Amino acid sequence: MNLNSLANSLDTLGHYGLVISTDEAMILTNSLLLLQTESHSCNIFFWGKIYGAGNDYYIAFGYVKDAIKGKIYYYSTDCMDWGLLPKPTEAAKSLLPLCTTKFEGNPRTIIDVLIDQEDSSLGMKFDKPTVRKLKEEDRLSATVHSISNEATIVPRGALFLRTDGVIVENKSFEGLSPLDSQELASYLHYSPPQRKWNTNLLTRADYNYALDFLDTIDMDLPEGCWTVQIRGAGSISIVSSLYWPGLALYHIIGTPNYGCVYFGDGKKSLDLPFMLNPL
Amino acid sequence: MICDDDEEPQTEDNSSSNLPDTEKEVTAAKLFMQQCSSFTGDNLYDHLSEVLNKILSERPEDVVDFFEEYSRKVKEKRFKTKIDHLEDMFIPPEQYNRAYKIMPLFKKPDNLPESEEEILADMTRNDMLQLSYFFEQSGLGLPKNEMFALLLSMRKLIKTEPVASIRFWGKILGLYKNYFVLEADLKEEECVRRNEVYYVCNEIGDEWVQLPDVTPRQLRVARQIRKSFTGWLAQEILTYPNFPGNEGNYLRAQIARISAGTQISPLGFYTFKPGGGGGEEEEEEEEEAEGEEGEGPRMKTNCFENRRYEPPPTGDLLDNSMSFWVHHILHILPQGRTSWWNPNPKVDTGEEAEGEEEEDEEKQAAAGPEPEIGPPLLTPLSEDASLDAVPAWSVRISSNILPEYALVVVRSNLWPGAYCFTTQGKIFHNLYIGFGHKHVAQNFTPLPLPFVEQDYLIGPEIMEMTDPTGAEEEQWRIDHLPKLPPAEEGEEEGELEEEEEEY
């Protein structure tokens, strides 16, 4: 979420029930501007908040050149002092689904992850229930990266693939049209594309590789794992993920204003297939 | 160079023809660019001048990187028809529907209540704009205009419904539409068996729909299932175990569960003694006392606002132990009721003590005769069980910089989306904005299907067993020989029995 839009989140994210309070917005805007200058980032965004039992984590990211490949994440527990979020380790990534506790709020906490005897998700066999140690900072990093890869999104056209292969924010983005904004195909994953480069081009009539180089969310499984709601009498669209409850994108239709945030406890809702109605 | 002698006028130019004629070249280039495309009829010259015109008038930054984009947009605009064949048909703007719905709310109330006694409902705690400010500071909320419209529509509702007090309960997010939920206390004369009723609507300006009352069975099943709300009250709930009712019933059940779990107040705000009670309250008390007779330990089921309430200091409210916050709604027992109801009563009272639920038809097979006891009313939150090492509540201060004006925000971890804030203990409000599901640490597992039932009881009659050998049969026959002297009869009987055995 852009720093300029933090201040009036009530009228945008408020439709989803999330608000960044005046207090937080002021501190975030200013401390992130300092961070941007220190890190020489081209642009910096507020990513969201992960609730902990004792303390909450604020997450931000910025990039120097490339808006997708060059993302660098920062975290803070008080909105003021920002630290670099480490790259997720393989161990943390694989242990993440097994963590059932809440975040504590202290990055130095070491948590015990119990691996069941029959658990085969780690690709190893265990003779007896095993306990693995995981540092909360690593867990946070793995969580943030998996949310970013699976669930952060942008409206189509907001990012632009330059001819030299660098992804930049599209300065000529004029927003989605009222009809397009109701379609899931108009929202793209804000992460390196996983599908074949021409998947999008083959499905669209008005394709343009400079805009359609990312994966659309309408092909995500199971069908119905994203919802689009047009709120505010047709002025704003809210796209929310059901896999990651708490993740929402707002887009003021017909304007370049959009923002994607995650406010939640960092737990993926794997129960989704049970919760949806058969189509 | 070979020149034609016939072309006399050009002989003079021969010397200069080596040099390119700028004008001519420009004309040639222009002519080339003005060639119309055989597909679209456009030409490059006009297109470029249009693009340059657009760029120069808009003066965008770093335009060279997005030049193709600009060019494409200009082309796209050309496709739009200039002539509107549907000129006579007026298409209203998208916002029209909402404007139409919301306009009646702005009209001044025309028929004011005649006497003071007719004053409709307690709206003192519903200054939505003030609440909206507090919500915002707590990090949640609705857009300001929605809050205002909500207040207006609540004012409209209390004119038509017999409610004694009303409150904004929260918002449930659905897949296609969301529910705004109001909680209301019915007036005494209407309130026969029920404490609270809930009104929902999808969009502010729509009619408020009163939700049907919940049954204990619905509550019990709601605990075993997990289903997203769609936004349509009549939506069928397809789950196992089968939910008795549609989405409206499910919504009501979840609201009851959320209320029971997360409606909290600062310590001392409510008390068991009626704070200057009128006659009705006493009667109510008596009625309850009668109803509760013979039901084991007497549980207090009602609490009243404490007139001599003094807010606890902010530091105490912020205490992580949560002992300065109490539940003011009764816990729902595993049975699905707030007070124990004996499924096999010796004396048929025919009525429940606590009036929240309606009579339920089904037989209480699962509930044992041992009365289930929940925590009493006004139990501090510190007594809440933590689920799988997840502490039940987290408490935050809305501002670390200005603690003297800050709000205390309590967030439920068991019901993500449930909040309670208080301004230094004075004003407090419980609000729920979320999907309406409880936190599960381990992932949700649907109930396993029951074992395949048997047609008949397993017993020796239907068990397969080895046939007796000839020797055994002979032995049996000899053992069962009648001891009486008449030998013929005995033999006959024996034969008969043998036949039976074989058969």
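Residues numbered from 1 in each chain as written. Chains lettered and ligands numbered in written order. Predicted model: local features only at pLDDT ≥ 70, side-chain atom pairs only at ≥ 80, totals over all residues. Heavy atoms only, no water.

Listed in UniProt under the heading Subcellular location (unreviewed entry), the comment for chain B reads: "Cytoplasm, Cytoskeleton, Cilium axoneme". (UniProt positions renumbered as here; feature names shortened; annotations may be inferred.)

Under the annotation held in an unreviewed UniProt entry, chain A carries the name Radial spoke head protein 9 homolog and is attributed to Pyrocoelia pectoralis. Checking UniProt for chain A, the heading Sequence similarities (unreviewed entry) contains the comment "Belongs to the flagellar radial spoke RSP9 family."

(A) Highlighting the overall build of chain A. Along its length, chain A carries six helices and 14 strands. Taking the principal axes of its C-alpha atoms as reference, chain A extends roughly 55 × 45 × 40 Å. Expressed as a percentage of the 279 residues in chain A, the buried residues total 58%. Contacts in chain A between residues at least 24 apart in sequence constitute 56% of all its contacts with a sequence separation of at least 6. Taken as a whole, chain A presents about 11,900 Å² of accessible surface, with 55% of it coming from carbon and sulfur. Distance between charge centroids for chain A: 5 Å, based on 23 positive and 32 negative side chains. (Helix = DSSP H or I, 4+ residues; strand = E, 2+ residues; numbered from the N terminus. Buried < 20%, exposed > 50% of the residue type's maximum accessible area, 1.4 Å probe, protein only. Contact = heavy atoms within 4.5 Å. Areas by Shrake-Rupley, 256 points an atom, 1.4 Å probe, with all protein chains shown as cover. Lys, Arg positive; Asp, Glu negative; His and termini not counted. Charge placed at Lys NZ, Arg CZ, Asp CG, Glu CD.)

(B) Region of the structure containing the sheet that holds strand β11 (residues 418–423) of chain B. Residues and elements named next belong to chain B. One open sheet accounts for eight strands, arranged β4-β3-β2-β1-β12-β11-β10-β9; its pairing is mixed. Both outer strands of the open sheet, β4 (209–210) and β9 (393–397), are each paired with one neighbouring strand and no more. Note: strand β2 (residues 179–186) against strand β3 (residues 196–201), six bridges, orientation antiparallel. Looking at the pairing, L182 lines up with Y199 of β3. (Pairing = 2+ DSSP bridges.)

(C) Broad picture of the packing of helix α4 (residues 96–106) of chain B against helix α6 (residues 144–160) of chain B. All names here are of chain B. Look at α4 against α6: their axes get within 9 Å of each other, and the N-to-C directions meet at 55°. One element, α4, and the other, α6, form an angle in the oblique class. For the element pair α4 and α6, the recorded crossing hand is left-handed. Of α6, the residues touching α4 (which contributes R98, I102, L105 and F106) are N145, F148, A149, L152, S153, R155 and K156. The residue inventory of the contact of α4 with α6, partitioned by class, reads six nonpolar, two polar and three charged. (Axes fitted to C-alpha atoms, helices over the stretch in contact; angles between N-to-C directions. Parallel < 35°, antiparallel > 145°, perpendicular 65-115°, else oblique. Left-handed = near helix turned anticlockwise from the far one by under 90°. Nonpolar A, V, L, I, M, F, W, Y, C, P; charged D, E, K, R; others polar.)

(D) Seen up close, the pattern of salt bridges. Counted by the stated rule, this structure contains 25 salt bridges over all chains. In this structure, R72 of chain B engages E69 of chain B in a salt bridge whose closest nitrogen and oxygen atoms are separated by 2.9 Å. Here the residue R72 of chain B and the residue E69 of chain B both occupy positions in helix α3 (residues 67–79), the gap between them amounting to three residues, near one helical turn. Judged by relative accessible area, which is 26%, R72 of chain B ranks as partly exposed. Exposure remark for E69 of chain B: the relative accessible area of 3% places this residue in the buried category. Within the structure, one salt-bridge network assembled from shared partners comprises D56 of chain A together with R396 and R411 of chain B. (Salt bridge = Lys/Arg side-chain N within 4 Å of Asp/Glu carboxyl O.)

(E) Fine view of the sheet that holds strand β3 (residues 71–76) of chain A. Residue and element names in this part refer to chain A. Reading across the sheet, the eight strands line up as β4-β3-β2-β1-β14-β13-β12-β11 and stay open at both edges, with mixed pairing between neighbours. Two strands close off the open sheet at either side, each with one partner strand: β4 (83–84) and β11 (226–231). Relative to strand β12 (residues 236–241), β11 runs antiparallel, the two sharing six bridges. Paired with T227 across the bridge in β12 is S240. Contacts from helix α4 (residues 136–150) reach β1 (43–50), β2 (57–63), β3, β11, β13 (247–252) and β14 (258–264), with the element oriented near 110° to β1.

(F) A look at the domain arrangement of chain A. Residues and elements named next belong to chain A. Each assigned domain of chain A is listed here: domain 1 (3–85 + 151–276) and domain 2 (90–145). One C-alpha centre belongs to domain 1, the other to domain 2; they are set 27 Å apart. Between domain 1 and domain 2, the residue contacts involve 15 residues of the former and 13 residues of the latter. Summing the contributions of domain 1 and of domain 2, the shared interface buries around 1,300 Å²; its carbon and sulfur component is 68%. Of all residues in domain 1, the largest losses of buried area upon contact with domain 2 belong to Y57, Y75 and L85, amounting jointly to 38% of the total for that side. At the boundary of domain 1 with domain 2, the tally comes to one salt bridge. (Domains from an automatic or database assignment. Buried area = accessible area lost by both parts, 1.4 Å probe.)

(G) Up close: helix α2 (residues 22–39) of chain A. Helix length check: α2 of chain A (18 residues) gives 25 Å between terminal C-alpha atoms against 26 Å at 1.5 Å per residue, within 8%. For α2 of chain A, the complete set of buried residues consists of D23, E24, A25, I27, L28, T29, S31, L32, L35 and Q36 of chain A. On the buried face of α2 of chain A, the contacting elements are β1, β2 and β3 of chain A together with α5 (128–138) of chain B. A positive backbone phi angle near 55° is found at H40 of chain A, which sits one or two residues after α2 of chain A. (Expected span 1.5 Å × (residues − 1).)

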